[in-house]
Amino acid sequence: MHATYAYPKFPYIPSEEQRTGTVKRHPVVVVGAGPVGLTAAIDLAQKGVPVVVLDEDDTVSIGSRAVCYAKRALEVWDRLGTAQRMIDKGVVWKIGKVFHGDHQVYQFDLLPEPDHKIPAFINLQQYYLEEYLLDAARQAERVDLRWKSRVLSVKPQDDHVVLQVETPDGVYALEADWVIACDGAKSSIRKMLGLDFVGQVFQDRFLIADVVMKADFPAERWFWFDPPFHRKQSTLLHMQADNVWRIDFQLGWDADPEEEKKPERVIPRLKAMLGEDTEFELEWVSVYTFQCRRLENFRAGRVFFAGDSAHQVSPFGARGANSGVPDADNLVWKLKLVMDGVAPDSLLDSYSDERVAAAKENLLNSTRSTDFITPKSAISRTFRDAALDLANEHPFARSLVNSGRLSTPTTYTDSPLNTRDTDVFAGKMVPGAPATDAPVEAAGQPGWLMDRLGGGFVALYYAGSDPVPAEVAERLDALARGPIPFAWHAVTDRRREALANELLDVNGRFRERYDATPGSLHLIRPDQHVAGRWRNFDADRLAAALNRAVGR
Amino acid sequence: MATLVTENRLASPDDFYEALIDTHRDLNAEQSSMVNAKLVLLLANHIGDMEVLKEALALARKGV
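Scoring rules and cut-offs
Residues numbered from 1 in each chain as written. Chains lettered and ligands numbered in written order. Predicted model: local features only at pLDDT ≥ 70, side-chain atom pairs only at ≥ 80, totals over all residues. Helix = DSSP H or I, 4+ residues; strand = E, 2+ residues; numbered from the N terminus. Rg over C-alpha atoms; globule rule 2.2 N^0.38 Å. Buried ≥ 20, exposed ≤ 12 C-beta atoms within 10 Å, placed from the backbone. Contact = placed C-beta atoms within 7 Å. Pairing = 2+ DSSP bridges. Axes fitted to C-alpha atoms, helices over the stretch in contact; angles between N-to-C directions. Parallel < 35°, antiparallel > 145°, perpendicular 65-115°, else oblique. Left-handed = near helix turned anticlockwise from the far one by under 90°. Domains from an automatic or database assignment. Nonpolar A, V, L, I, M, F, W, Y, C, P; charged D, E, K, R; others polar. Expected span 1.5 Å × (residues − 1).

K.L.:
So what about the overall build of chain A? Which residues, and what values?
P.N.:
When its secondary structure is counted, chain A shows 15 helices and 28 strands. The C-alpha atoms of chain A give 25 Å as radius of gyration, which agrees with the globular expectation for 552 residues (24 Å, within 12%). With the C-alpha coordinates of chain A rotated into their principal frame, the extents come out at 75 × 65 × 40 Å. Residues counted as buried form 47% of the 552 residues belonging to chain A. In chain A, of all internal contacts separated by at least 6 residues, the share reaching a separation of at least 24 is 72%.

Printed below as a string of C-alpha cells:
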C-alpha cells in the first residue's frame, strides 16, 4: 500500500478470562486503541490504574488520516513521556500561507513568541503516532491491549458496566467500573446506548493523496483558493515524515468518489499542481466527506465519550485529534481522584461540561471555516469570492479569509472548578486557561516550566528576589501532605538554592507571562490548566480553591 | 451604546443614488452581485462596530 511504510500486525492473544470462562471486573476499560484511547490508557497506567484496551483491529491507523498535531496535544504527550519521538520523526511547522489564484493573500505564524519547549505544530502520519503511543502503552505495563476484540453490547448496571466482546475465539463478557469510549466517529458504543449525535453534513468531497517526492516546498501549511492547477476549488498541502506530502483537493459535491480515486484521474491533478517534471509516487488515495456534530453530554453514567465518538468536526483547522487528546487529559485525573475517593462523583460531570464547551468552540470554528471553503449557497460563495478579491489589496479583508483557524486549547471560562479572580492580573493566565511555558532552571539544570506541571495539582509561588516566608512554605508543605495530589514550587528571579523546589525564572518570561509579582500564587490543575491565581498567599483561600477544583 | 443612524446623512442624496446605480453600469447580474458583496464588506469594515452592524443586518433582513 505504502512505499514508505509497512503496517505492523499485532498478535491476537486469547485473554485468560475468555479461555477460562470467568467474568472479571476491571477498574477501567477503554474501547478503541486510537490516539485518544491510547492517551487515556497511558495516563491511567502511569497513575497506577490497570487498563484494558479493546480494539477490533490488529494494526495501527490505516491510510492517510490525521496529520497535524498541535502544541497542546504534544504537551499532553510530553507529560506522558512520548512527545520527543513524535517531534523528532515529524515535521515541525508554524507558518501557514494562503493563496488565491496564483498569488499569496497572507501568511500566519502559529507561535510568534520564543521560549517554548514544544513547537506550535508537527505533521506526522497517524500510523507513526499510534506506533509510538503503543510503545508507550506497553512500557506503562498496566495496559492490557486486546486486539481483534469487538464490543457487541454495553449494559450499564448500578455500579459497573457489562460488556460482551467478540474475538476470533467467540464471545465473552467482562465487567468494568468505568468505560471510556474512544471508538471514533462511527462509535458503536454510542449507538448501543442510543445517544443522539446530531449536526450538519457538508455537501462537499475532498480527495486525499499521500505522495512521496523530493520537493522544494518549505515545511509550511499551504492552502490555495482557486489555484491555476485546480480552478474554482481549494487545495491544501502539508509535508509529513519520510518525504511524504499530503495533498487535499476539493472536488465538490457532484464528484463521483470512485472515479476520482482512480490513478488516471489523480495523477493529472498532481502533475498540474507539482509540474510535469516533478517525480513523485502516489502512495495513498481516498475521498472523504465530513460533518460537524456532537453528543449533548459526554458522560452517560459510567461510560465516557472522548474524541470523535463524542464530537466530529471538519478537518480545516486540525481540531479533531487535537480536541480528542485534551478530552482524555481532562478526564483521567478526575477519574483517578473519584476512584480514590478523594473527589465526589460530580467531578466527572465537569468533564462533560468543560469538554462540551471546548467542542462548541471547535465546532464553531470548523463550521465557519467550512462555510468559507465550501459555501452553502450562491450568495455565500459570492461573499467568499468578494473577500478573496478584496484581500489582494486590503489588509482588513485578509482577516476574513478563512482557510481554517488552527486548533488552540480551550479556556474553561465558566467552569465551576475555577476560582474567579479577585485580584487584577494582566495577560492570558486567567482561571481556566491552559498554563503557558517558560524557561526555568532547577538545581542549576536548564529546563521548562511545563515539565513541572501536570500529574497532580501544582502551586507556583512567585518569590521574585525575596525569600519564601517560612509560614508560606509550611502551609504549602501541609497541603502536599493532604489527600489531593499537590506539589509546589517557588519561582525566583535569581539563583539561590534556598529551597529544593525552587525554579529560576531564567529570563523573566514567567514573570511576564504570568504577570507575577512577589507573593503571587497560581494554582495549576493536573491537566495544566489554571484553577486560580492571587496576588498574595492565603492558605485558607488556596485550600478552598483546591477543593473547588476537585468538585468538593 | 452605538446605534445605526437611519436619519439622513447624505449631503446630496441624488448624487449618491446616481453613483450607486452608475457603479453597476454594464454589469450582468452575477457581476453586480459581486460588486454589492465587496461593497458590503468594505463598508462593514469602515463601520467596524458589531452592534451597529448587527442592527443594519437585522433591518436589511426585515420584511424580506
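K.L.:
Just give me the short version of the overall build of chain B, but keep the residues and values in it.
P.N.:
On a plain count of helices and strands, chain B comes out with three helices and zero strands. Listed N to C, the secondary structure of chain B is α-α-α in terms of helices and strands. For 64 residues, the compact-globule estimate of 2.2 N^0.38 gives 11 Å, and chain B exceeds it by more than 25% at 14 Å. For the C-alpha atoms alone, the extent of chain B along its principal axes is close to 40 × 25 × 25 Å. The burial tally for chain B puts 3% of its 64 residues in the buried class.

K.L.:
Now, about the sheet that holds strand β15 (residues 234–239) of chain A: what can you tell me, with residues and values included?
P.N.:
All names here are of chain A. In space, the seven strands of this open sheet follow the order β6-β5-β14-β15-β16-β13-β17, with mixed pairing throughout. Edge positions in the open sheet fall to β6 (103–109) and β17 (281–288), since each of these has one partner strand only. Across the sheet, the axes of successive neighbouring strands diverge by a mean angle of 15°, strand direction being ignored. Looking at chain direction, strand β13 (residues 206–212) and β17 are connected through seven bridges and run antiparallel.

K.L.:
Got a sec to walk through the packing of helix α3 (residues 71–79) of chain A against helix α9 (residues 321–339) of chain A? Specific residues and values, please.
P.N.:
Residues and elements named next belong to chain A. Axis separation between α3 and α9 bottoms out at 8 Å; the angle between their running directions is 40°. Here α9 runs oblique to α3, going by the angle between their axes. Seen from above, α3 lies across α9 with left-handed handedness. Side by side, α3 and α9 meet where R72, A73 and V76 of the first sit next to A321, N322, V325, P326 and D329 of the second.

K.L.:
Outline the domain arrangement of chain A, listing residues and values.
P.N.:
Residue and element names in this part refer to chain A. Domain boundaries in chain A define domain 1 (16–91 + 108–199 + 292–366) and domain 2 (439–549). For domain 1 and domain 2, the distance between their C-alpha centroids amounts to 30 Å. The partner domain 2 presents eleven residues to the eight residues of domain 1 that form the contact. Secondary structure elements with two or more residues in the side of domain 1 that touches domain 2: α3 and α9. Sort the elements by how many residues they give to the side of domain 1 that touches domain 2 and α9 lands first, with three residues. Considering only residue class, the side of domain 1 that touches domain 2 consists of two nonpolar, one polar and five charged.

K.L.:
With reference to specific residues and values, describe helix α8 (residues 263–274) of chain A.
P.N.:
Helical geometry note: an α-helix holds 3.6 residues per turn, so side chains three or four residues apart project in the same direction. If you check α8(A), its first and last C-alpha atoms are 16 Å apart, about what twelve residues at 1.5 Å a residue would give, namely 16 Å. Once α8(A) ends, the next one or two residues include G275(A), with phi positive near 100°.

K.L.:
Hey, could you go over the interface of chain A and chain B for me, with residue numbers and the actual values?
P.N.:
Residue-level contacts link ten residues of chain A with seven residues of chain B. Those elements that provide at least two residues to the side of chain A that touches chain B are α11 (378–391) and α12 (395–398) of chain A. Among the elements that take part in the side of chain A that touches chain B, α11(A) stands out by supplying seven residues, more than any other. Of the residues in the side of chain A that touches chain B, the class split is seven nonpolar, one polar and two charged.

K.L.:
Break down the pairing of strand β23 (residues 445–448) of chain A for me, citing the residues and quoting the values.
P.N.:
Residues and elements named next belong to chain A. Taken together, the four bridges between strand β22 (residues 439–442) and β23 define a ladder with antiparallel strand orientation. In the strand pairing of β23, E441 is matched with P446. Counted along the chain from β22 to the antiparallel partner β23, the turn is two residues long, and its residue A443 has a positive phi close to 50°.

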